[in-house]
Amino acid sequence: MANREFTRGLHDIGNGCWAWLQPDGGWGWSNAGLITDGEASLLVDTLFDLKLTGEMLAAMRAAVPQAEAIGTLVNTHANGDHTYGNQLVDGARIVASKGTAEEFDHVPPAMFQALMADPSALGAAGDFVRECFAPFDFSGITLTPPTETFSGETTLHVGEREVRLIEVGPAHTRGDTLVHLPREKVVYTGDILFNEGTPIAWAGPLSNWIAACDRILAMDVEVVVPGHGPVTDKDGVRAMRDYLVFVTEEARRRFDAGLDFLTAAHDIELGRFASRGDPERLVVNVQTLYDDFAGGERPVREAIPYFAHMKALREKWGLGPVHGHLHGPDCACGG
C-alpha cells in the first residue's frame, strides 16, 4: 500500500479509528489518533501547543460525537509534541508507561518558551532550537502528567473494543509505547515510526528500536499510524528499519576505526536515506550508537548541545530552513 493522503486534519481509517495528521511531519508536527466504540472514546496523544490541540479536539468533536467527552488519553511517550496539550482533555484518565511518566517533566514547556524568547545564550544550538520550534506557542501550558502507569503490556477497552498498550522503549525515548487494536488490524506507533522522516534516538539503544520495528512487522496489522508522517502500512516500518540498520552498520565501522562520533556523523553518506526529512538527526543517532557500542552504564546527555551539531551538519549539506513555510489556511498541504 502506498502512503495515504497526507493532509492536515482528521482522517477516517475505518472501524471506529481516526488519525489526526500534521504535515510535513518534521520537527514538532506530530500525529494523534482517536478510537471509539459506542459512546466511549480514547485519544492517542495530544499536540505541541494548546492552539493546535484545541483545533484538533474541536474538529474531532464536530465529526465524531463520541469525542465530546474523551474518557481515556494515552501518551505514547513523553515528548512535548505528544503531551503538551494534555490539559485540554478534561476529565480523562491519562495512561502511559512507567518510563514515560518518569521522564515526563524532563523538558518542561517553560524551557521552550524561554528559548523562543531569547535563544542567544545557547549560541548556534539556540538558533537551531528556535528554527525547529518557531511555529509553536508554548505559553499557557500546564504540564499534565499520566494518572495511571504500566510496565510491559496492558489492555484497555474502549466500549467493546480491545486496545493493547505495548511498551517497546527505551528507544526513541525511555518509555515508547505502541497502541495496538488487534481486531481492527491497526497500530498507532507514536515515534517508533517517523514515516518518510529521520528518526532520532534520544534514549536508545537502537537495537531496541529495531526490535520494536520487528515486533510491528510480526503483527497482523494493515494500517500503521506513525508519530510523524503519512499513514502507511508495514512498508513504512520496513523502510525505517532499513535506515536504523544502515546507520548502525555505518557507525560501527567508524567506531571500530577510532573516529569520534561527530567525525563519524560527518563522514557517513546517507545515500538513499538522504531524502528522508530532517536528516541532520543522524548526529544524535550516531552519538547514541557510540554509547551502545561502548557498553556499560549509559551516560546522561543533555539534548541542547546536539542542536548545534545538527545545524552544522545541515549547513554542510546545503539544506534550507527546517520549516519551508508555516502552516496556514492557504497552505498547499492543507494546513
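Now for a look at the structure at hand.

Rules behind the numbers
- Residues numbered from 1 in each chain as written.
- Predicted model: local features only at pLDDT ≥ 70, side-chain atom pairs only at ≥ 80, totals over all residues.
- Heavy atoms only, no water.
- Buried < 20%, exposed > 50% of the residue type's maximum accessible area, 1.4 Å probe, protein only.
- Helix = DSSP H or I, 4+ residues; strand = E, 2+ residues; numbered from the N terminus.
- Pairing = 2+ DSSP bridges.
- Axes fitted to C-alpha atoms, helices over the stretch in contact; angles between N-to-C directions.
- Contact = heavy atoms within 4.5 Å.
- Lys, Arg positive; Asp, Glu negative; His and termini not counted.
- Salt bridge = Lys/Arg side-chain N within 4 Å of Asp/Glu carboxyl O.
- Parallel < 35°, antiparallel > 145°, perpendicular 65-115°, else oblique.
- Nonpolar A, V, L, I, M, F, W, Y, C, P; charged D, E, K, R; others polar.
- Phe/Tyr/Trp six-rings, centres within 6.5 Å; stacked < 30°, edge-to-face > 60°.
- Lys NZ or Arg CZ within 6 Å of the ring centre and 35° of its normal.
- Core = buried A, V, L, I, M, F, W, Y, C linked by side-chain atoms within 4.5 Å.

Looking down a regular strand, the side chains alternate between one sheet face and the other. Among the seven residues of strand 9 (residues 161–167), five are classified as buried, and the element is accordingly described as predominantly covered. Strand direction decides the pairing type here: strand 8 (residues 153–158) and strand 9, joined by six bridges, are antiparallel. Looking at the pairing, T155 lines up with R164 of strand 9. Connecting strand 8 to the next strand, strand 9, in antiparallel fashion are two residues, including G159 with a positive phi near 60°. In terms of strand pairing, strand 9 meets strand 10 (residues 177–181) through four bridges, oriented antiparallel. Of the residues in strand 10, the one forming a bridge with I166 is L178.

Strand pairs in the sheet, formed through backbone hydrogen bonds, run parallel or antiparallel to each other. Pairing in this open sheet of five strands is mixed, and the strands run 8-9-10-11-12 from one edge to the other. Here the strands that pair on one side only, and so sit at the sheet edges, are strand 8 and strand 12 (223–228). The sheet shows a mean angle of 25° between the axes of neighbouring strands, taken without regard to direction. Contacts between helix 5 (residues 206–218) and the sheet are confined to strand 8, strand 9, strand 10 and strand 11 (186–194), with strand 11 contributing the most and set at about 160° to the helix.

Our next topic: unusual backbone geometry. Cis geometry is adopted by the peptide bond preceding D24, which originates at P23 and carries an omega value of 10°. Among the structural elements, D24 can be located in the loop between strand 2 (17–21) and strand 3 (32–37). P205 follows G204 through a cis peptide bond whose omega is 5°. Looking at the element boundaries, P205 is found in the loop between strand 11 and helix 5. The phi dihedral of E196 falls on the positive side, at around 70°, and the residue is not glycine. Mapped onto the elements, E196 comes out in the loop between strand 11 and helix 5. In the Ramachandran plot, D278 falls in the positive-phi region, its phi being about 55° despite a non-glycine side chain.

Within the secondary structure, D191 is located in strand 11. There is no salt bridge for the buried D191, and the closest opposite charge comes from R281, which lies 7.3 Å off by N-O distance.

Further remarks concern the packing of helix 3 (residues 109–117) against helix 4 (residues 123–133). One can describe the packing of helix 3 onto helix 4 by two numbers: an axis separation of 9 Å at closest approach and a directional angle of 110°. Overall, the two elements helix 3 and helix 4 adopt an arrangement that is roughly perpendicular. Here F112, L115 and M116 of helix 3 come into contact with helix 4, specifically with V129, R130 and F133. The residue makeup of the contact of helix 3 with helix 4, split by class, is five nonpolar, no polar and one charged.

Taken as a whole, this structure holds 23 aromatic pairs when the rule is applied. Here F48 and F133 contribute two aromatic rings whose centre-to-centre distance is 5.6 Å and whose plane-to-plane angle is 85°, an arrangement assigned as edge-to-face. Taken together, the residues span a long stretch of sequence, with F48 in the loop between strand 4 (40–44) and helix 1 (50–63) and F133 in helix 4 at a distance of 85 residues. The same class applies to F48 and to F133, which are both buried. The ring of F293 carries R252 above its face, with NZ or CZ at 4.5 Å from the centroid. A cation over an aromatic ring shows up here: R281 above the ring of W27, its NZ or CZ 4.1 Å from the ring centre.

Glancing now at the nonpolar core. With 77 residues, the main nonpolar core has W27, F133, F138, W209, V286 and F307 as its most contacted residues. Apart from the residues lying within four places of it in its own chain, the contact partners of W209 are A171, H172, D191, I192, F194, P199, I200, A201, M240 and L244. Counting residues in hydrophobic clusters, the runner-up holds 21 residues, among them A19, V163, V225 and V231.

All we've got here are geometric facts, nothing functional implied.
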